Amino acid sequence: MKPSLKARGTLIDVAKAVGVSHTTVSNAFNRPDQLSPELREKIMAMARSMKYSGPNPAARMLRTGFAKTIAVVWSDLLYRAFEDPAASAFLGGVGEACAERGLGLLLVQGQETSSSIIQTAAVDGFILYSMPRDEETLKVAAERGLPMVVVDQGMQSKVAFIGVDNRAAGQVCAQHLKELGHEKIAVVTFALDIDGRVGFVDEARLKNCRYTLPRNRIEGYLDVLGRGGSSFDVKIWETLLSTEEHGRTAAENLFKTDDPPTAILATSDRLAIGIIEAARKRKLRVPRDLSVVGFDDVPAARLVTPQLTTVRQPFAEKGRLAVSALLDEKGPLRRELPTKFIIRRSTGSPVSRQP
């Protein structure tokens, strides 16, 4: 049977039982270096016996003004972040930086209840990761008046930004395929908005999309390949999620078109790996029949056959810098990390250009 709250002791109860002041009991939990090991263990043993778990965090925040905890607000359901190696690496960097500073970490997932959590969370600041433009969550977090950092999304007025130049990286990817001689090039992107739409993307869809990150990558591709009226025929397919399954589905739809592509630019490695799997199922040889370029350089990019040509970006460093920026009001407002284009065996000249 679960014990009732009334059965639990309080800080005062523990102090009376041990014969010390309530400040000494508080120090046993929050400043153990102030007590001898013997006294602290005596206090902690009494606390355990009385089911007292320590000072209330909210009350401590009221006294000190600090919760010693920061929050990461994720744009999607949280379990998907742990399934995505790029997102996991970012969260790992945040966790490492918090551990170094003795900070707690609250993870808030994007859903209808996130605004109420943000309004009441006992935290010292927010890291907002890849949120859509004009998202209500951004407004709610800003209204708290706490330090904020945005990562991999559009710049917010007077809010620190951590990210990479996705447009420039996209340009490099497209230029690589152009130099190889590809003219029939397609793009597979993860969601441009939160409306659940899947299918071909037109200029209006791209212009009005709410996610800055995929839009910037696609804009980079189109800077090189053109938007029509050139020798390039660029089709863009939007998926719901950045997963291998959705990459496979996107590729199947592109293969069914009257004039299928000889190369595909994917806005993530997971989508690119799914595209390679779909090509293999159709007996297409990568890169002889189809070249594929990803984005992120997750570990699987080096394990897939053939190894994936992609853009490397420092996810863990993003996480570490996000924590640093949150705690350093004097730091630069915008921090753009370098990327590196990695050419591997998933790209080559189209058959028409091969001897």
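Before reading on, note that the structure itself is shown above.
Novice: In this structure, what is going on with the overall build of the protein chain? I would like to understand it.
Specialist: Of regular secondary structure, the protein chain possesses 14 helices and 13 strands. Counting contacts in the protein chain only where the partners sit at least 6 residues apart, residues at least 24 apart contribute 70% of the total. Summed over all atoms, the accessible surface of the protein chain reaches about 17300 Å², with 52% contributed by carbon and sulfur.

Novice: Looking at this structure, how should I read the nonpolar core?
Specialist: Soluble, globular proteins show a tendency: their nonpolar side chains are buried together. Among the nonpolar cores identified, the biggest contains 28 residues, and F90, I127, V149 and V151 are the most heavily contacted of them. Sorting the residues of this core by element identifies strand 1 (69-74), helix 5 (78-83), helix 6 (85-101), strand 3 (126-129), strand 4 (148-151), strand 5 (160-164) and helix 14 (315-327) as the ones contributing at least two each. Leaving out residues up to four positions away in the same chain, F90 has contacts with V72, W74, I127, Y129, V151, F315, A316, K318 and G319. Judged by nonpolar contacts, the second largest core, of 24 residues, contains A186, F255, A266 and V292.

Novice: How do you make sense of the pattern of salt bridges when you look at a structure like this?
Specialist: Pairing is possible between side chains that carry opposite charge, provided their charged atoms lie close to one another. In the structure shown here, the tally under the stated rule is 23 salt bridges. Across the salt bridge formed by K184 and D259, the nearest N and O atoms sit 2.7 Å from each other. Taken together, the residues K184 in strand 6 (residues 184-189) and D259 in the loop between helix 12 (244-255) and strand 9 (263-266) connect sequence positions 75 residues apart. In this structure, E238 and R197 form a salt bridge, with 3.6 Å as the shortest nitrogen-oxygen distance. Separated by 41 residues along the polypeptide, E238 in strand 8 (residues 233-238) and R197 in the loop between strand 6 and strand 7 (199-200) bring together distant segments of the chain. Assessed through its relative accessible area of 0%, E238 is described here as buried. Take R197: its relative accessible area is 33%, and that puts it in the partly exposed class. Connected through shared salt-bridge partners, R167, R215, E219 and D223 make up one network.

Novice: Looking at this model, I keep getting lost on helix 11 (residues 212-225). Mind explaining?
Specialist: Structural remark: α-helix, 3.6 residues per turn; residues separated by three or four positions point the same way. With 14 residues, helix 11 ought to run about 20 Å at 1.5 Å a step, and its terminal C-alpha atoms sit 20 Å apart, in line with that. Among the 14 residues in helix 11, 11 count as buried, and that is most of the element. All of the buried residues along helix 11 are T212, L213, P214, R217, I218, E219, G220, Y221, L222, V224 and L225. On its buried side, helix 11 packs onto helix 9 (166-180), strand 6, helix 10 (203-207), strand 8 and strand 9. Immediately beyond the C-terminal end of helix 11, within one or two residues, lies G226, with a positive phi of roughly 90°.

Novice: Would you take a moment to explain the layout of surface pockets for this structure?
Specialist: If a probe the size of a water molecule is rolled over the atoms, the empty space left behind becomes visible. The volume enclosed by the largest pocket comes to roughly 780 Å³. Taken together, 31 residues form the lining of the largest pocket, with S75, D76, D84, F190 and S242 sitting closest to its centre. At the level of elements, helix 5, helix 6, helix 11 and helix 14 are the ones that each hand at least two residues to the lining of the largest pocket. Ranked by residue count, the leading element in the lining of the largest pocket is helix 5, at three residues. A per-class count over the lining of the largest pocket returns 13 nonpolar, seven polar and 11 charged.

Novice: Just to check I follow, could you spell out helix 1 (residues 11-18) for this structure?
Specialist: Buried within helix 1 are the following residues: L11, V14, A15 and V18. One face of helix 1 carries all of its buried residues, which in axial projection span an arc of 100°. The elements touched by buried residues of helix 1 are helix 2 (22-30) and helix 3 (37-49). Looking one or two places after helix 1, you find G19, whose phi comes out positive at around 85°.

Novice: Which parts of the structure should I look at to understand the packing of helix 1 against helix 2?
Specialist: Direction vectors running N to C along helix 1 and helix 2 enclose 105°, while the axes themselves pass 8 Å from each other. What the angle tells us is that helix 1 and helix 2 run roughly perpendicular. For the pair helix 1 and helix 2, the contacting residues are L11, I12, V14 and A15 in the first and H22, V25 and S26 in the second. Across the contact of helix 1 with helix 2, the residue classes break down as five nonpolar, two polar and no charged.

Rules of the game
- Residues numbered from 1 in each chain as written.
- Predicted model: local features only at pLDDT ≥ 70, side-chain atom pairs only at ≥ 80, totals over all residues.
- Heavy atoms only, no water.
- Helix = DSSP H or I, 4+ residues; strand = E, 2+ residues; numbered from the N terminus.
- Contact = heavy atoms within 4.5 Å.
- Areas by Shrake-Rupley, 256 points an atom, 1.4 Å probe, with all protein chains shown as cover.
- Core = buried A, V, L, I, M, F, W, Y, C linked by side-chain atoms within 4.5 Å.
- Buried < 20%, exposed > 50% of the residue type's maximum accessible area, 1.4 Å probe, protein only.
- Salt bridge = Lys/Arg side-chain N within 4 Å of Asp/Glu carboxyl O.
- Expected span 1.5 Å × (residues − 1).
- 1 Å grid on protein atoms, 1.4 Å probe; cavity = no way out; pocket = protein on both sides within 12 Å on 5 of 7 lines; lining within 4 Å.
- Points joined across faces, edges and corners; volume = space filled by probe spheres on them.
- Nonpolar A, V, L, I, M, F, W, Y, C, P; charged D, E, K, R; others polar.
- Arc of directions from axis to C-beta.
- Axes fitted to C-alpha atoms, helices over the stretch in contact; angles between N-to-C directions.
- Parallel < 35°, antiparallel > 145°, perpendicular 65-115°, else oblique.

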